[in-house]
Amino acid sequence: MSSDLGWVPPGVDTAVPSPARVYDYWLGGGHNFAPDRVLAEKILQIMPGVRDAARLNRSFLRRAALFMLEQGVRQFLDIGSGIPTVGNLHDIVQAESPDCRVVYVDKDPVAVAHSELILAGNGNTAVLQADLRDLDAILDAGPTRELIDFDQPVGLFMLLLLHFVPDEWDPVSIVGSYRDRLVPGSFLALSHVAAEARPEGMDEAVHTYNAKSSQNQAYPRSHGEVAAFFGGFDLVEPGLVGCPSWRPDGDGDFSASPEINVVPYAGVAVKP
């Protein structure tokens with residue numbers, strides 16, 4: 001995709017790779033620029049399984065969303081939603097229950113611009129450009145208030161997001177601030193790159209990514225560190241596990257490479 005297209009939002013530095021656009025490329029999307037593709041391909045050469053890991057995370061999104069629907073949740077907030085691609089959250093939940101409402105949030109202006117195009121005419125969805133830390137701006141925004149009733153349970157998604165949040169931002173506290181604004185019966189779905197995962201090339205891939213994307217450093221975390229994000233929530237079975245091991249529908253939810261199956265941790269928890 002050319003960086004001189006008229007739709008590119010003002011102020012976007014297309015020379016700097018973006019996590020949302022690199023992820024879009026790995027999923028087969030077309031909303032990315034040459035520097036995103038160069039970095040994505042370089043990481044694929046180092047760690048060929050990374051594209052499979054992205055697919056596993058997308059499959060987890062579907063299973064977690066359907067689980068929340070089964071629990072009666074009809075409104076969803078997706079923080080760090082990324083660039084729209086096949087199997088968006090609103091596609092999943094509104095196919096089952098058209099009255100479901102979804103608010104997407106991302107700080108990447110390209111992700112937001114494409115979300116606005118895709119969501120045009122869908123009155124039960126909205127997209128906001130905001131940073132994860134802008135909690136009040138997100139939860140009190142007009143579109144959020146129009147679609148989400150915070151007196152009712154909410155399904156909160158933070159997928160492959162928090163490993164871009166440094167410890168000095170106190171990400172556990174950030175997640176806790178969202179939790180405190182949700183009523184009992186609300187759910188949190190979260191996935192995060194696992195520090196313990198050691199597929200071939202992972203350490204070099206993280207180093208390469210961090211060297212090329214100075215604005216968005218990656219911080220893999222241990223199982224215990226990721227579990228801490230669920231403080232104040234009760235993890236539902238099977239707990240915090242390798243992404244495809246969370247209530248799989250079949251063998252297709254797993255990678256053929258066993259070491260890739262534990263690259264992202266994933267879990268869903270309910271606020272008691």
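All figures in this text were calculated on a predicted structure; none of them were measured in a lab.

**Student:** What's the story with the overall build of the protein chain in this structure? I'm lost.
**Tutor:** If you tally the helices and strands in the protein chain, you get 10 helices and 8 strands. Against the compact-globule benchmark of 19 Å for 272 residues, the protein chain has a radius of gyration of 17 Å, which places it among compact chains. In terms of overall dimensions, the protein chain has C-alpha extents of about 45 × 45 × 35 Å along its principal axes. Element-wise, carbon and sulfur atoms account for 51% of the exposed surface of the protein chain, whose accessible area totals about 11300 Å². Put simply, the protein chain has 20 plus and 36 minus side-chain charges, and the middle of one group is 0 Å from the middle of the other.

**Student:** Just checking my understanding: could you explain the pairing of strand β3 (residues 125-129) for this structure?
**Tutor:** Side chains on a regular strand alternate between the two faces of the sheet. Within β3, 4 of the 5 residues are buried, leaving the element largely enclosed by the surrounding structure. Bridge count for strand β2 (residues 101-106) against β3 is 5 bridges, and the pairing is parallel. Bridging from a neighbouring strand, Asp106 pairs with Gln129 of β3.

**Student:** Is there a simple way to think about helix α5 (residues 109-119) in this case?
**Tutor:** The α-helix advances 3.6 residues per turn, and as a result positions three or four apart in sequence lie on the same side. Every buried residue belonging to α5 is among Val110, Ala111, Val112, Ala113, His114, Ser115 and Leu119, and all of these are buried. Taken together, the buried residues of α5 touch α1 (19-26), α4 (89-96), β2 and β3. In this structure Asp108 caps α5, since a side-chain oxygen of it lies 2.7 Å from the backbone nitrogen of Val110. Two residues or fewer after α5 comes Gly121, characterised by a positive phi angle close to 90 degrees.

**Student:** Help me understand the pairing of β2, please; the structure alone is not making it clear to me.
**Tutor:** Extensive coverage of β2 is indicated by the burial of 5 of its 6 residues. The parallel pair β2 and β3, bridged by α5, forms a crossover whose chirality is right-handed.

**Student:** Can you help me understand the nonpolar core in this one?
**Tutor:** Across soluble globular proteins, you tend to see nonpolar side chains buried next to one another. Membership of the largest hydrophobic core comes to 58 residues, with the highest contact counts inside it found for Trp26, Leu77, Ile79, Leu132, Ile138, Met158 and Tyr178. By residue number, the principal contributor to this core is helix α2 (residues 34-46), which donates 5 residues. Among the nonpolar cores identified, the runner-up in size contains 28 residues, and Leu69, Leu159, Ala189 and Ala266 belong to it.

**Student:** When you look at the packing of α1 against helix α3 (residues 50-70) in this model, what are you seeing that I'm missing?
**Tutor:** The geometry of a pair of packed helices is captured by two quantities: the angle between their axes and the separation between those axes. α3 packs onto α1 with a crossing angle of 95 degrees between their chain directions and a minimal axis gap of 9 Å. Classed by the angle they form, the pair α1 and α3 counts as roughly perpendicular. For the pair formed by α1 and α3, the contact residues are Tyr23, Tyr25 and Trp26 on the first element and Val50, Arg51, Ala54, Asn57 and Arg58 on the second. When its residues are assigned to classes, the contact of α1 with α3 shows 5 nonpolar, 1 polar and 2 charged.

**Student:** I tried to follow the packing of aromatic side chains on my own but got confused; where do I start?
**Tutor:** A ring pair, where both rings are aromatic, is described by two values, the distance of the centres and the angle of the planes. Tallying each qualifying case throughout the model produces 4 aromatic pairs. Between Phe60 and Trp246, the aromatic rings sit 5.6 Å apart at their centres with planes inclined by 85 degrees, giving edge-to-face as the arrangement. One end of the pair, Phe60, is in helix α3; the other, Trp246, is in the loop between β7 (241-242) and β8 (264-270), and 186 residues separate them in sequence. Of the two residues, Phe60 and Trp246, both sit in the buried class. When the centroid spacing of 5.6 Å and the interplanar angle of 90 degrees are considered together, the rings of Phe67 and Phe187 count as edge-to-face. You can see Phe67 sitting in helix α3 and its partner Phe187 sitting in strand β5 (residues 187-193), a full 120 residues away along the chain. An aromatic cluster is defined as three or more aromatic residues linked by ring pairs; in this entry it consists of Phe60, Phe67, Phe187 and Trp246. It is Arg133 that lies over the ring of Trp169; its NZ or CZ is 3.3 Å from the centre.

Thresholds, definitions, all that
Residues numbered from 1 in each chain as written. Predicted model: local features only at pLDDT ≥ 70, side-chain atom pairs only at ≥ 80, totals over all residues. Heavy atoms only, no water. Helix = DSSP H or I, 4+ residues; strand = E, 2+ residues; numbered from the N terminus. Rg over C-alpha atoms; globule rule 2.2 N^0.38 Å. Areas by Shrake-Rupley, 256 points an atom, 1.4 Å probe, with all protein chains shown as cover. Lys, Arg positive; Asp, Glu negative; His and termini not counted. Charge placed at Lys NZ, Arg CZ, Asp CG, Glu CD. Buried < 20%, exposed > 50% of the residue type's maximum accessible area, 1.4 Å probe, protein only. Pairing = 2+ DSSP bridges. Contact = heavy atoms within 4.5 Å. Polar contact = N/O pair within 3.5 Å; in protein donor to acceptor, adjacent residues only side chain to side chain. Right-handed = clockwise from strand over helix to strand, strands pointing away. Core = buried A, V, L, I, M, F, W, Y, C linked by side-chain atoms within 4.5 Å. Axes fitted to C-alpha atoms, helices over the stretch in contact; angles between N-to-C directions. Parallel < 35°, antiparallel > 145°, perpendicular 65-115°, else oblique. Nonpolar A, V, L, I, M, F, W, Y, C, P; charged D, E, K, R; others polar. Phe/Tyr/Trp six-rings, centres within 6.5 Å; stacked < 30°, edge-to-face > 60°. Lys NZ or Arg CZ within 6 Å of the ring centre and 35° of its normal.

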